[in-house]
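Residue-level structural notes
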Amino acid sequence: MIRLILDKTAESFEQDIRELIQEFYPGEDFEIRTEEGVHFTNTTQEEKNALKQAKATGENAEVNKKSTKNKAKMASEITPEGVQDEKIRFSFEVSASDMPLKGVRKDDKSVIKAELYDTLVSMTGKTLPWGDLTGIRPVSLVSPMVEAAIEKRKTESDSVNELTETEIRDIKTALTKEYCIEGEKLDLMTDIALREHRILNRIYDVTGKTYKEGWSLYIGIPFCPTRCLYCSFLSNTISAWEKRLPEYMDNLRKEIRYTVREMCGKHRRPLQTIYIGGGTPTALDEKWLQVLMDMVHEECGSANVSILSNVTSREHDWKNTVTGMPGIVEFTVEAGRPDSITKEKLQILKAAGVDRISVNPQTFNQKTLDLIGRKHSVESVIEKYELAREVGFENINMDIILGLPGEKLPEVTHTLCEIARNKPDSLTVHSLAIKRAARLTLERDYWAGIYRAGDENEIMAETRLQEEAEAGENYSLIGHTGTSVSDVAKEKTKFRYPEITRMMMASAYTAEVLNLKPYYLYRQKNMAGNLENVGYSTEGKECLYNILMMEEKHTVIGCGAGCSSKFVLPSKDGDPTHKRVERCDNGKDIKSYIEDVDKFIKRKEELFSLMKE
Ligand code: SF4
């Protein structure tokens, strides 16, 4: 446990400070001391009770170890002032009032984090690949810089839409200065931001409207053939809900109709992309899938016509899009589970103008598929993928997950070899972030003995081992007593990265071999280690929706149970480079969606009213 002592100014940046320290010391908990008193991170009810008792009695209180789940992290005794000194790994004091702050929160945060980062680098002797960036969307910090540089070009009546090498170098220098980031990750985030800019320009090329003027629709079908063990989405076995599907679909239509009328009718915003996810939309049988496709065309098909009527179709061919719906440039359906796909369903999707689908193996190891409750075979993934090609799909994505139970680098390498053999148009690599809803977490005891790369304890152990090796201490830990310095150096490189990082590197290499370029990225928050989710794609086949949604580029409205909506609005500070994101969600329960969709429509109504401001 780390003791963090914060002055009054630093207190309001507690989370940022903690997250940055945690990047250097993964998995470590905190005792935080402020003027207000003492509190803890990851506090269990037992710790809270012990602290209360210690404060009330003025004496040390024993934590009831038996009833605590996370013994490894526990401080065994809590004094009225906090944790006993011997349980504290070290104390860290942040006096932000001594720093050159200006009173602008965003800028002050940068100053505090940069100072803290320098101190942590001197303390530990290591730098972080992402510098002092702890947020989940590093690319979103670069995009405004890219856009500002392009805008500057426009005002200088220079029509060139690409940045020069000098301009790119200036952006990188500014990023290093502000976020202490250098090297590989700096190049990656800059490359992605530049690529995203080019990709999103396609929307303007086709429709004559920028992505900032438009919005996207997400439709949620929260049903799957069976539930996977790692699932943290709202998803239910379709067989259990078959009888109530007509009601679900009626409510879905009502919500979509309302949303499209508001956005396209009232606010004159063109609908630019549609994404159907879930769940697994193809878990619907052929009849219901056809109903869904008809619904999309009936409710959205001509929504843009009056908005785009002034756009000359000679320059922007908005009437003849790949989706068959004027002004809608992309229509994606997740056909994730191969056990939900049939030829007829693929034909229904194709005929409805779906131009991008996802067939998700997650892993090409049968043992893992069985273990995680995906009731299909490895062969069926390949079979359905080939079927989709046969039906005429020219843009197919595959998702894989790193860190699945029991998988190490050789299993992931096998999966990557299969990916390379099948050559999907895009590849999305997820690091398994197990959230609370996942059965994998709920059944923690059952999984206790099974290896999982990216597990917090493993990353902590590997990080410590690396720290010790780098400090030149305790080589006996890794069996090096008496070996030469060069042997030690060789061995050090072997465990330089945790297993999950090696898997991510192997995935990036496979993507490179397949000529798939990274085009969106987000980091896992509150996870130990350096976990990222990255989308790679062949040029021209990138998923616009993924960029728009992940980078919060424009408003994405979710319809259906379990969906959330993000309204991207102008910032209240009046700065055009800033934005404000307002959210609302449709709850996590299919039953309440079926029984009272108006409640969720009402939530949206409140956000629509903000668009008038
Ligand atoms: S297919 Fe996806 S949404 Fe369905 S249960 Fe598995 S992880 Fe969850």
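1. What about the overall build of the protein?
A count of helices and strands for the protein gives 22 helices and 20 strands. Across the 613 residues of the protein, 53% fall into the buried class. In the protein, the share of contacts with a sequence separation of at least 24, taken over all contacts with a separation of at least 6, comes to 72%. Summed over its atoms, the accessible surface of the protein is roughly 28,200 Å², and 49% of this surface lies on carbon and sulfur atoms.

2. Some remarks on unusual backbone geometry
At the junction of Gly 278 and Gly 279, the peptide bond is cis and its omega measures out at 15° in the coordinates. With respect to the helices and strands, the residue Gly 279 is situated in the loop between β11 (271–278) and α9 (286–300). The phi dihedral of Lys 423 is positive, around 50°, even though this residue is not glycine. For Lys 423, the position within the fold is in the loop between α14 (409–422) and β15 (426–431). Among the residues examined, Lys 423 registers a relative accessible area of 52% and is labelled exposed. Although it is not a glycine, Glu 552 adopts a positive phi angle of roughly 50°. On the secondary structure map, Glu 552 appears in the loop between α20 (544–550) and β18 (555–559). Judged by its relative accessible area of 9%, Glu 552 falls in the buried class.

3. Quick word on the packing of aromatic side chains
Tallied over the entire structure, the rule returns 13 aromatic pairs. Between Tyr 25 and Phe 90, the aromatic rings sit 4.9 Å apart at their centres with planes inclined by 55°, giving tilted as the arrangement. With a gap of 65 residues between them, Tyr 25 in the loop between α2 (14–24) and β2 (30–34) and Phe 90 in strand β7 (residues 90–94) connect regions that are remote in the sequence. Here the two residues Tyr 25 and Phe 90 agree in accessibility, since each one is buried.

4. Observations concerning the nonpolar core
With 106 residues, the main nonpolar core has Ile 219, Tyr 248, Leu 252, Ile 274, Ile 276, Leu 292 and Met 293 as its most contacted residues. The dominant element in this core, judged by the number of residues it contributes, is helix α8 (residues 245–266), at nine residues. When residues are assigned to domains, this core turns out to be shared by domain 2 (139–202) and domain 3 (203–610), each giving three or more. What Ile 219 contacts, discounting residues up to four positions off in sequence, is Leu 252, Ile 256, Ile 274, Tyr 275, Ile 276, Gly 277, Leu 292, Val 296 and Cys 559. The next biggest cluster of nonpolar side chains, apart from the first, holds 24 residues, and it includes Leu 6, Phe 13, Leu 116 and Leu 120.

5. Observations regarding the sheet that holds strand β1 (residues 2–6)
Pairing is mixed in the open sheet, where four strands are placed in the order β3-β2-β1-β7. The open sheet has two edge strands with one neighbour each: β3 (37–40) and β7. Each neighbouring strand pair of the sheet contributes to a mean axis angle of 20°, computed without reference to strand direction. When β2 meets β3, the two strands line up antiparallel, connected through four bridges. The residue bridging Thr 34 from the neighbouring strand is Gly 37, located in β3. Sheet strands touched by α2: β1, β2, β3 and β7. Its angle to β1, the strand with the most contacts, is close to 145°.

6. Here we look at the pattern of salt bridges
A full pass over the atoms with the stated rule returns 33 salt bridges. Residues Lys 602 and Glu 605 are paired through a salt bridge, measuring 3.5 Å at the closest nitrogen-oxygen approach. In this pair, Lys 602 and Glu 605 both sit in helix α22 (residues 597–610), three residues apart, roughly one turn of the helix. According to the relative accessible area criterion, Lys 602 is partly exposed, its value standing at 49%.

7. Re helix α13 (residues 378–391)
Here α13 is 14 residues long and its end C-alpha atoms lie 20 Å apart, about the 20 Å a rise of 1.5 Å per residue gives. Summarising the contacts, the buried residues of α13 are in contact with α11 (343–351), β13 (356–358), α12 (366–371), β14 (396–402) and α14. Directly beyond the C-terminal end of α13, a positive phi value near 115° is found at Gly 392.

8. Some points on the side chain of Ser 110
Note that Ser 110 resides in helix α4 (residues 105–124). For Ser 110, the side chain forms a polar contact with the side chain of Glu 178, separated by 3.2 Å. Other than its neighbours up to four places away in sequence, Ser 110 contacts Asp 132, Glu 178 and Tyr 179.

9. Notes on the environment of His 316
Residue placement: His 316 occurs in the loop between α10 (305–308) and β12 (330–334). Sequence-wise, His 316 and Gly 327 are eleven residues apart; in three dimensions their C-alpha atoms are separated by 9.6 Å. Beyond its immediate stretch of four places on either side in the chain, His 316 contacts Tyr 204, Asp 205, Val 206, Thr 207, Gly 208 and Val 311. In this structure the side chain of His 316 is engaged in a polar contact, spanning 3.0 Å, whose partner is the backbone oxygen of Tyr 204.

10. Focus on the confidence of the model for the protein
The predicted model of the protein averages 84 in pLDDT, with 80% of residues at 70 or higher. When the criterion is pLDDT under 50, residues 65–77 qualifies, and its contacts beyond four places in sequence or with other chains add up to 26 contacts. Low pLDDT (under 50) marks residues 473–495, which in the prediction has 22 contacts with non-local residues, meaning those over four places away or in another chain.

Criteria and thresholds
Residues numbered from 1 in each chain as written. Predicted model: local features only at pLDDT ≥ 70, side-chain atom pairs only at ≥ 80, totals over all residues. Heavy atoms only, no water. Helix = DSSP H or I, 4+ residues; strand = E, 2+ residues; numbered from the N terminus. Buried < 20%, exposed > 50% of the residue type's maximum accessible area, 1.4 Å probe, protein only. Contact = heavy atoms within 4.5 Å. Areas by Shrake-Rupley, 256 points an atom, 1.4 Å probe, with all protein chains shown as cover. Phe/Tyr/Trp six-rings, centres within 6.5 Å; stacked < 30°, edge-to-face > 60°. Core = buried A, V, L, I, M, F, W, Y, C linked by side-chain atoms within 4.5 Å. Domains from an automatic or database assignment. Pairing = 2+ DSSP bridges. Axes fitted to C-alpha atoms, helices over the stretch in contact; angles between N-to-C directions. Salt bridge = Lys/Arg side-chain N within 4 Å of Asp/Glu carboxyl O. Expected span 1.5 Å × (residues − 1). Polar contact = N/O pair within 3.5 Å; in protein donor to acceptor, adjacent residues only side chain to side chain. pLDDT = per-residue confidence, 0-100.

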